[in-house]
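Geometric and topological summary
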Amino acid sequence: MTTIYIITNNAVLKNKIIYKKEMSEEQQRELQPLNLKGEKNSSALSKIEELKETKTIYTSNYISAISTAKYLSEELDLKINVDDRLNERKVGIVKENNEKFLKEMQEHDFDYKLHNGESLNQVADRMKQVIKEILREHQEETITIFTHDIALEALFSIWCEKGFNLENQLILNFKDDVIMDGAFHPIRIFVLEFDEMKLKNILWINKND
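In short, a report on the structure. (Residues numbered from 1 in each chain as written. Predicted model: local features only at pLDDT ≥ 70, side-chain atom pairs only at ≥ 80, totals over all residues. Heavy atoms only, no water.)

1. A closer look at the sheet that holds strand 9 (residues 198-204)
Pairing is mixed in the open sheet, where 6 strands are placed in the order 3-2-4-1-8-9. Edge positions in the sheet fall to strand 3 (80-82) and strand 9, since each has one partner strand and no second. For this sheet the average axis-to-axis angle between neighbouring strands, irrespective of direction, equals 25°. As defined by bridge partners, strand 2 (residues 56-59) adjoins strand 3 across 3 bridges and the pair is classed as parallel. Paired with Tyr 58 across the two strands is Asn 81, which belongs to strand 3. Each of strand 1 (2-9), strand 2, strand 3 and strand 4 (142-147) touches helix 3 (residues 63-76); the most contacted strand, strand 2, lies at about 170° to it. (Pairing = 2+ DSSP bridges. Helix = DSSP H or I, 4+ residues; strand = E, 2+ residues; numbered from the N terminus. Axes fitted to C-alpha atoms, helices over the stretch in contact; angles between N-to-C directions. Contact = heavy atoms within 4.5 Å.)

What follows is the structure, given as structure tokens:
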């Protein structure tokens, strides 16, 4: 059995950061740091006994993901492997559209995207590819991955049943268990269990936090 923990940390600094050089919105998202709550949540991860079984750590190239991973990395004396295929969905050129509108459109049409952006199906493809590579390289190990909510939503859609809640937000169910509920959570921890390359189970292990 290969065990993959997947963690998302949404407690990032909301205050506008002023950069001295011109930078795209996508680059600014990649550089967005954790806020104080995000740092505290990340530090607490290193004390979770199950995560101490981790042999390899992967993150996206977002500062928030690397900052979340650093505590577990230092606790276990493990290097951090950065893979931009674990990045959040590229928004693209928003213009008159806002990101809330984009999210709603994409949750109902996984092929929808803005100019220079990604569809959820495109995100699912790259996420699935990196998971396959991790499984091939780390059979019978425990791996921890730090990524982002929409990217993870795209990945889980491969295995989960889709539905919508009363607010018309996408929810995902695996074996009749709610895995993503459409609500905001500062931090989420999932465990995926694989028998060789076959997914056997997904559990949302801090659902009530």
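So, next bit.
2. Considerations on the sheet that holds strand 7 (residues 177-180)
Within a sheet, neighbouring strands are paired by backbone hydrogen bonds and run either parallel or antiparallel to one another. One open sheet accounts for 3 strands, arranged 5-6-7; its pairing is antiparallel. One side of each edge strand has no neighbouring strand; the edge strands of this open sheet are strand 5 (161-164) and strand 7. Each adjacent strand pair in this sheet contributes to an overall mean axis angle of 40°, direction not counted. In terms of strand pairing, strand 6 (residues 170-174) meets strand 7 through 3 bridges, oriented antiparallel. The residue of strand 7 that forms the bridge with Leu 172 is Met 180.

3. Comments concerning the nonpolar core
In terms of nonpolar packing, the biggest core is built from 33 residues, with Ile 4, Ile 145, Phe 156 and Leu 192 touching the most fellow members. Put simply, the parts of the chain that give this core at least two residues each are strand 1, helix 5 (120-137), strand 4, helix 6 (149-156), strand 6, strand 7, strand 8 (187-195) and strand 9. Of the residues forming this core, the biggest block, 8 residues, is contributed by helix 5. In contact with Ile 145, not counting residues within four places along its chain, are Ile 4, Tyr 5, Ile 6, Ile 7, Tyr 58, Leu 86, Ile 131 and Ile 134. Counting 13 residues, the second-largest nonpolar core is a separate cluster that includes Leu 45, Ala 65, Phe 146 and Ile 187. (Core = buried A, V, L, I, M, F, W, Y, C linked by side-chain atoms within 4.5 Å. Buried < 20%, exposed > 50% of the residue type's maximum accessible area, 1.4 Å probe, protein only.)

4. Section: unusual backbone geometry
Its identity as a non-glycine residue notwithstanding, Glu 140 has a phi of 65°, on the positive side. Here Glu 140 lies in the loop between helix 5 and strand 4. Since its relative accessible area comes to 53%, Glu 140 is described here as exposed. The phi dihedral of Asp 176 falls on the positive side, at around 70°, and the residue is not glycine. Its place among the elements puts Asp 176 in the loop between strand 6 and strand 7.

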